[in-house]
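Examination of the molecular architecture
Each chain, letter by letter, is given below.
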Amino acid sequence: MNLQENVNDVIQKTPVLDMHTHLFPSAFHQLCLTGIDELLTYHYLVSEAFLWLDMEYASFFERPKTEQAEIVWNTLFVQRSPISEASQGILTVLQELGIPFSRDLNDIRSRFAAFDHNDYPEYLMKVANISSIVMTNNPFDAAERKYWDSHTTFSRETFLPALRVDPLISHWTEAAITLRNDGFPVSDTVNDQTIETAKQYIRSWVETMNPVYIAASLPWDFPKSNVESALLERCVLAVCQDYNLPLSLMIGTKRGLNPDLQMGGDSTGQFNFEYLENICMQHPNQKFLITMLSRENQYELTVLAQKFRNVMVFGCWWYLNTPQFMEEITQMRMSQLGIRFIPQHSDCRVMEQLIYKWKHFKDVFSGLLYKHYEALETKGIPVSRSDIENDVYAMFQTNFRHFITKK
Ligand code: REL
Ligand code: ZN
């Protein structure tokens, strides 16, 4: 094999630890999403379909999922060519699962129905070569919560919990109601006593879930008040320190810009970097996993990650998960950080998406990595297969695993 072939081959053969998804094990029943109707009603595709539809938003969302899927299919795959990244993703999934494209959605549905359902999620992980999936576990979500309350068991080597605390930071008054219902007597006013009680609440969930990190997404204009910064720093961050857990910050959302689009209505905004720099400076012993949504923030984030070894930058998030941005951002990170970052996470919500999100990323990554090795060889430094394996394994596995366990 020549250098390019070796690089491709190692990237294909190295199992990936996917460090941020919205996937669940099959023991979480209806939360473990699979199949073409779920794929077609992914919020990326729903927002795109609405660019062509005249229908009221509410009239779409009140229909059964099968009908919603048919509307998206006809709009984006039958009436015009599927060009966008999310629609290309559907085509990649079909291709990799050996399902021929047909304009008749029922043909495709029947091919999906033929898969053996017992170990279908495991089969998909094998096709995508994923060893472990980090979930997003939100104790404020009633649908999910019942599985934790009933001590649902699942393979903790395959599915790693991550405790998500957005509601506590960004919607305190509503979160406080949940805490009180759960027997944690907090007040609407965030005083010292309430901070202590909220910490106990988070600790109780750390004990239940045993998460690999605690996570929050932060809006582009965070913090809007001292209450928000107190909840993040004096409450969430303090619990992270108690348990030596990294805090994963996903920064730069503008939630509900078009609320009628439901989950598809979120947008992005540029973040004021000083707040983040201060937090990293003030907490040198706290580990931070950080990704940002705004393209404009990527350069500063890369520099920040080079200044603080307690920062691990990860992924090309959401609207940045397209070939153009993956290439730009990953190249920038390699130039500043070498291989010391986590190049991608999938953010999948539907199991089959693992196939396309990772395939599309690997296509870009392989080209980039090859260019760097080629540069070494032209400088007279031979690159062996095991050098490549070592680097790719670090980026797909150990950069994350070592960081979360590091003292
Ligand atoms: O974890 C998050 O906050 C985001 O990734 C999600 O809110 C978003 O809807 C997701 O589907 C993006 O890829
Ligand atoms: Zn996410």
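Sequence order as written defines the numbering, with residues in each chain counted from 1. As they are written, the chains are lettered A onward and the ligands numbered 1 onward, keeping that order. Only residues with pLDDT of at least 70 are given local features in this predicted model, and only at 80 or more are side-chain atom pairs given and counted; all residues enter the totals for whole chains, interfaces and linings. Hydrogen atoms and water are omitted, and side-chain values are computed over all heavy atoms in the structure.

By the naming in an unreviewed UniProt entry, the chain is Glucuronate isomerase, taken from Salibacterium halotolerans.

Here we take up the coordination of the zinc ion (ligand 2). Note on metal geometry: ideal angles are 109.5 degrees for four donors arranged tetrahedrally and 90 or 180 degrees for six donors arranged octahedrally. Around the zinc ion (ligand 2), the donor atoms from the protein are His20 (NE2), His22 (NE2) and Asp347 (OD), and they sit 2.0 to 2.1 Å away. Here a donor is any nitrogen, oxygen or sulfur atom (N, O, S) within 2.8 Å of the metal, with 3.2 Å used for Na, K and Ca; water is not among the atoms considered, so some sites may look incomplete. Expressed as a motif, the donor residue spacing for the zinc ion (ligand 2) is H-x1-H-x324-D. Linking His20 in the loop between β1 (16–18) and α2 (36–40) with Asp347 in the loop between α16 (323–337) and α17 (353–378), this pair joins segments that are 327 residues apart in sequence. This pair shows no difference in class: His20 is buried, exactly as Asp347 is. Labels follow the DSSP assignment, with helices taken as runs of H or I lasting at least four residues and strands as runs of E lasting at least two, numbered in each case from the N terminus. Three exposure classes are used, based on accessible area relative to the maximum for each residue type with a 1.4 Å probe and protein chains only: buried under 20%, partly exposed in between, and exposed over 50%.

This part is about the pairing of strand β2 (residues 130–134). Of all five residues in β2, four are buried; the element is thus mostly enclosed. Pairing of β1 with β2, which is carried by three bridges, proceeds in the parallel orientation. In the sheet register, Leu17 faces β2, and the bridge partner there is Ser132. We call two strands paired when DSSP finds no fewer than two bridges between them. Direction of pairing for β2 relative to strand β3 (residues 159–160): parallel, over a ladder of two bridges. In the strand pairing of β3, Val134 is matched with Leu160. A crossover connection joins β2 to the parallel β3 through helix α9 (residues 142–149); in handedness this β-α-β unit is right-handed. Crossover handedness is defined here as right-handed if the route from the first strand over the helix to the second strand goes clockwise, with the strands pointing away from the viewer.

Quick look at the site of ligand 1 now. Lining the immediate surroundings of ligand 1 are His20, His22, His43, Tyr44, Arg164, Arg255, Trp317, Trp318, Asp347 and Arg349. Identification of polar contacts relies on pairs of N or O atoms within 3.5 Å, with a donor-acceptor requirement for protein atoms, meaning one able to donate a hydrogen and the other able to accept it, and with residues adjacent in sequence counted only if both atoms are side-chain atoms. Contact distances for ligand 1 include 2.9 Å between an oxygen atom and a side-chain N or O atom of Trp317. Here the accessible surface of atoms and residues is derived via Shrake-Rupley with a 1.4 Å probe, and residues count as covered only by protein chains that are part of the display. In isolation ligand 1 exposes 330 Å². Once the protein is present, 97% of that is buried. Any residue outside Ala, Val, Leu, Ile, Met, Phe, Trp, Tyr, Cys, Pro, Asp, Glu, Lys and Arg is labelled polar, Gly included; the first ten of those are nonpolar and the last four are charged. A per-class count over the shell around ligand 1 returns three nonpolar, three polar and four charged. Being near a molecule or strand, for a residue, comes down to having at least one heavy atom within 4 Å of it.

Our next topic: the state of the cysteines. Note on disulfides: each one is a pair of cysteine sulfur atoms within 2.5 Å. Tallied over the full model, the rule gives zero disulfides. Left unpaired, Cys235 is separated from the closest cysteine sulfur, that of Cys240, by 9.9 Å.

This part takes up the nonpolar core. Counting residues in hydrophobic clusters, the biggest one holds 144 residues, and the most contacted among them are Phe112, Leu168, Trp172, Ile214, Ile290, Leu354 and Phe400. A per-element tally of this core places α17 first, with 10 residues. Excluding anything up to four places from it in sequence, Ile214 contacts Leu163, Val165, Ile202, Val206, Val236, Val239, Cys240, Leu245, Pro246, Leu247 and Ser248. To form a nonpolar core, buried Ala, Val, Leu, Ile, Met, Phe, Trp, Tyr and Cys residues must be joined to one another through side-chain atoms within 4.5 Å. By the convention used here, residues are in contact when the closest approach between their heavy atoms is within 4.5 Å.

This brings us to the pattern of salt bridges. One speaks of a salt bridge when a side-chain nitrogen belonging to Lys or Arg is within 4 Å of a carboxyl oxygen belonging to Asp or Glu. Inspection of the entire model under this criterion finds 18 salt bridges. Arg385 is the partner of Asp9 in a salt bridge, and the nearest nitrogen-oxygen pair spans 2.9 Å. Remark: Arg385 occurs in helix α18 (residues 385–405) and Asp9 occurs in helix α1 (residues 3–13); sequence separation between them is 376 residues. According to the relative accessible area criterion, Arg385 is partly exposed, its value standing at 27%. A salt bridge links Arg164 to Asp166; the nearest nitrogen and oxygen atoms lie 2.8 Å apart.

With respect to burial, strand β5 (residues 214–219) is a largely interior element, six of its six residues being buried. Judged by which residues are buried, β5 turns out to be covered on both faces: Ile214, Ala216 and Leu218 on one side and Ala215, Ser217 and Pro219 on the other are all buried. One ladder, built from two bridges, connects strand β4 (residues 163–164) with β5; its direction is parallel. Looking across to β5, one finds that Leu163 is bridged to Ile214. Here β5 pairs with strand β6 (residues 247–254) via six bridges, running parallel. Directly across from Ala215, in β6, lies its bridge partner Ser248.

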